[in-house]
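# Remarks on the overall topology
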Amino acid sequence: MKIETIKIRNYRVFQDVTVEDIPNMAVFLGMNGAGKTTFFDVFGFLHDALQTNIRAALARRGGFSEVISRGQTGDIEFEIKFRPSLDEPIITYQMVICLLPDKKPAIKKEVMRFRRGQTGAPWKVLDFSYGEGVAADGELTEYKDVRLAERSPQKLDSPDILAIKGLGQFKEFIAVSQLRRLIEDWYVSDFHIEEARGVKDAGYSERVSTSGDNLALVAKYMYDNHKEVFGEILKAMEKRVPGVSKVEAQETEDGRIVLRFQDGNFKDPFVSRFVSDGTIKMFTYLLLLKDPEKHALLCVEEPENQLYPQLLFELAEEFRMYSEEGGQVFISTHSPDFLNAVRLEELYFLIKKDGYTKIHRASECKVVRELYEAGDLLGQLWRQGLLLDNRSESFRQFVSGVRRFVHTRV
């Protein structure tokens with residue numbers, strides 16, 4: 001799956017934002033408070049709404065009044081355009097959330113439609129309002145299937161339940177079920193070092209959780225079922241964390257799983273609570289990125305925290321490789337060292353003005369593009385304060401001098 005466009009209206013700092021032509025790997029840069037975490041939370045919110053309902057997802061964030069943009073009235077809206085694969089039609093999913101007269105949230109509009117190319121006529125697969133609507137039946141693998149499909153009336157148990165959740169469980173609504181599975185597979189990292197260090201009861205877990213609390217169980221699964229992949233992880237750990245020669249998930253006498261890291265300089269291994277935060281985090285990222293089953297979307301905030309700066313270039317390359325192998329990756333960062341490994345077309349920056357945030361493509365800024373093409377790395381430009389909104393006064397003050405600088409270098 002590849003998300004191509006996302007539109008957000010009245011969701012916290014995003015009063016009206018559109019991000020288009022999103023690449024497989026996208027990096028989001030901004031000052032503190034600009035909205036990087038909020039942007040990722042859009043995907044977390046949709047994931048939570050699918051797992052539970054709109055009311056619960058809003059309540060987890062303080063309720064409708066805390067989520068809607070400050071000073072705004074009306075509805076919260078999302079629209080996402082994506083392709084399940086390169087040879088399939090563009091799918092647009094739109095959702096509008098409102099408050100009912102009794103102050104309970106409801107889904108005012110939920111529409112899913114297919115489009116053949118950017119200009120072809122759209123055909124609705126699903127069209128719901130306040131828990132009632134129609135959905136297309138059958139396996140919609142081609143554009144003509146959508147156009148000719150029968151659409152049957154349906155009713156949900158409550159107006160705060162997503163139609164893609166209710167109908168996605170039934171085999172006759174295959175296209176809706178596919179969208180549901182895609183959103184369920186979104187991974188929005190909420191990693192906590194201390195949870196990753198914790199000792200877990202013996203059990204079974206195939207994929208790293210968003211908090212990392214099942215790290216030892218996943219390590220054991222990878223060792224037992226994907227030894228070759230686990231060997232690649234160990235080689236990377238040996239290369240990036242001096243002294244680490246072995247990692248194992250060991251079951252204790254009382255039936256718990258604990259991670260042990262072997263340092264070549266010592267006879268006995270260290271348990272995870274005695275190794276550095278950076279070691280734990282690097283091991284977690286490697287387990288996540290080397291997972292044979294890629295997440296449809298991987299969102300990671302500030303991967304540079306607790307990591308040695310020289311490791312960030314290789315980590316950025318591994319995120320890119322992950323995106324090229326089938327899983328789209330969104331990353332937020334403050335790190336110049338990480339940005340030095342980022343390509344211009346992958347970078348977006350967030351600018352907050354008058355209480356609301358806009359998202360801009362770095363490649364659309366002429367001066368930044370000229371500097372990048374002249375050989376400057378994006379991390380260097382970030383350190384120099386050049387990744388700014390091209391409408392700001394401070395940016396205009398730089399333009400004449402920077403252009404002369406570019407001219408002399410070229």
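Right, let's walk through the structure included here. (Residues numbered from 1 in each chain as written. Predicted model: local features only at pLDDT ≥ 70, side-chain atom pairs only at ≥ 80, totals over all residues. Heavy atoms only, no water.)

## So, the overall build of the protein chain
Each helix and strand counted, the protein chain has 15 helices and 18 strands in total. The buried share among the 410 residues of the protein chain stands at 53%. In the protein chain, the proportion of contacts linking residues at least 24 apart, taken out of those at least 6 apart, comes to 58%. Summed over its atoms, the accessible surface of the protein chain is roughly 19400 Å², and 47% of this surface lies on carbon and sulfur atoms. (Helix = DSSP H or I, 4+ residues; strand = E, 2+ residues; numbered from the N terminus. Buried < 20%, exposed > 50% of the residue type's maximum accessible area, 1.4 Å probe, protein only. Contact = heavy atoms within 4.5 Å. Areas by Shrake-Rupley, 256 points an atom, 1.4 Å probe, with all protein chains shown as cover.)

## Overview of the packing of helix H8 (residues 215–225) against helix H10 (residues 277–289)
Where H8 meets H10, the axes come as close as 11 Å, and the angle between the chain directions of the two elements is 50°. By the criterion of interaxial angle, the relationship of H8 to H10 is oblique. When you trace H8 past H10, the crossing you get is left-handed. Of the residues in H10, those in contact with Leu-215, Val-218, Ala-219 and Met-222 of H8 are Ile-280, Phe-283, Thr-284 and Leu-287. Considered class by class, the residues forming the contact of H8 with H10 number seven nonpolar, one polar and no charged. (Axes fitted to C-alpha atoms, helices over the stretch in contact; angles between N-to-C directions. Parallel < 35°, antiparallel > 145°, perpendicular 65-115°, else oblique. Left-handed = near helix turned anticlockwise from the far one by under 90°. Nonpolar A, V, L, I, M, F, W, Y, C, P; charged D, E, K, R; others polar.)

## Overview of the packing of H8 against helix H9 (residues 227–240)
Where H8 contacts H9, the two axes come as close as 6 Å, and the packing angle between them is 120°. As far as their axial angle goes, H9 and H8 are oblique. Here Ala-219, Met-222, Tyr-223, Asp-224 and Asn-225 of H8 lie close against H9, whose contacting residues are Lys-227, Val-229, Phe-230 and Ile-233. Residues that form the contact of H8 with H9 fall into these classes: six nonpolar, one polar and two charged.

## As for unusual backbone geometry
Backbone geometry at Tyr-130 places phi at a positive 50°, although glycine is not the residue there. Summarising the element assignment, Tyr-130 is placed in the loop between strand S7 (122–129) and strand S8 (132–136). Of note, the phi angle at Asp-354 is positive, near 55°, even though the residue is not glycine. Within the secondary structure, Asp-354 sits in the loop between strand S17 (347–353) and strand S18 (356–361).

## Concerning the side chain of Ser-189
The topology assignment puts Ser-189 in the loop between strand S10 (186–188) and helix H7 (193–197). From its side chain, Ser-189 meets the backbone nitrogen of Phe-191 in a polar contact 3.5 Å long. Beyond its immediate chain neighbours, meaning those up to four positions away, Ser-189 contacts Thr-210, Cys-299 and Val-300. (Polar contact = N/O pair within 3.5 Å; in protein donor to acceptor, adjacent residues only side chain to side chain.)

## As for the pattern of salt bridges
Where charged atoms of side chains with opposite charge meet at close range, the side chains can pair. Under the criterion given, the structure shown has 24 salt bridges. Measuring nitrogen to oxygen at the nearest pair gives 2.8 Å for the salt bridge that ties Arg-320 to Glu-346. Taken together, the positions of Arg-320 in helix H11 (residues 312–324) and Glu-346 in the loop between helix H12 (336–339) and S17 put the pair 26 residues apart, joining distant regions of the chain. Comparing Arg-320 with Glu-346 shows no difference in burial state: the two are buried. Beyond isolated ion pairs, a larger network of salt bridges with shared partners links Arg-12, Asp-41, Asp-48, Arg-60 and Arg-61. (Salt bridge = Lys/Arg side-chain N within 4 Å of Asp/Glu carboxyl O.)

## Quick look at the pairing of strand S4 (residues 76–83)
Along S4, six of the eight residues are buried, which leaves the element largely enclosed by surrounding structure. Bridge analysis of strand S1 (residues 2–11) against S4 gives seven bridges, and the strand direction is antiparallel. Note that in S4 the partner of Thr-5 across the bridge is Lys-81. Bridge analysis of S4 against strand S5 (residues 90–99) gives seven bridges, and the strand direction is antiparallel. When the bridges of S5 are listed, Phe-82 appears paired with Ile-91. (Pairing = 2+ DSSP bridges.)

## Focus on the packing of aromatic side chains
Overall, the coordinates contain 18 aromatic pairs when judged by the stated rule. Residues Phe-39 and Phe-40 carry aromatic rings whose centres are separated by 6.2 Å and whose planes lie at 45° to one another, so their mutual orientation is tilted. Neither Phe-39 nor Phe-40 differs from the other in exposure class; each is buried. Its guanidinium or amino end placed over the ring of Tyr-223, Lys-227 lies 4.7 Å from that ring's centre, counting from NZ or CZ. (Phe/Tyr/Trp six-rings, centres within 6.5 Å; stacked < 30°, edge-to-face > 60°. Lys NZ or Arg CZ within 6 Å of the ring centre and 35° of its normal.)

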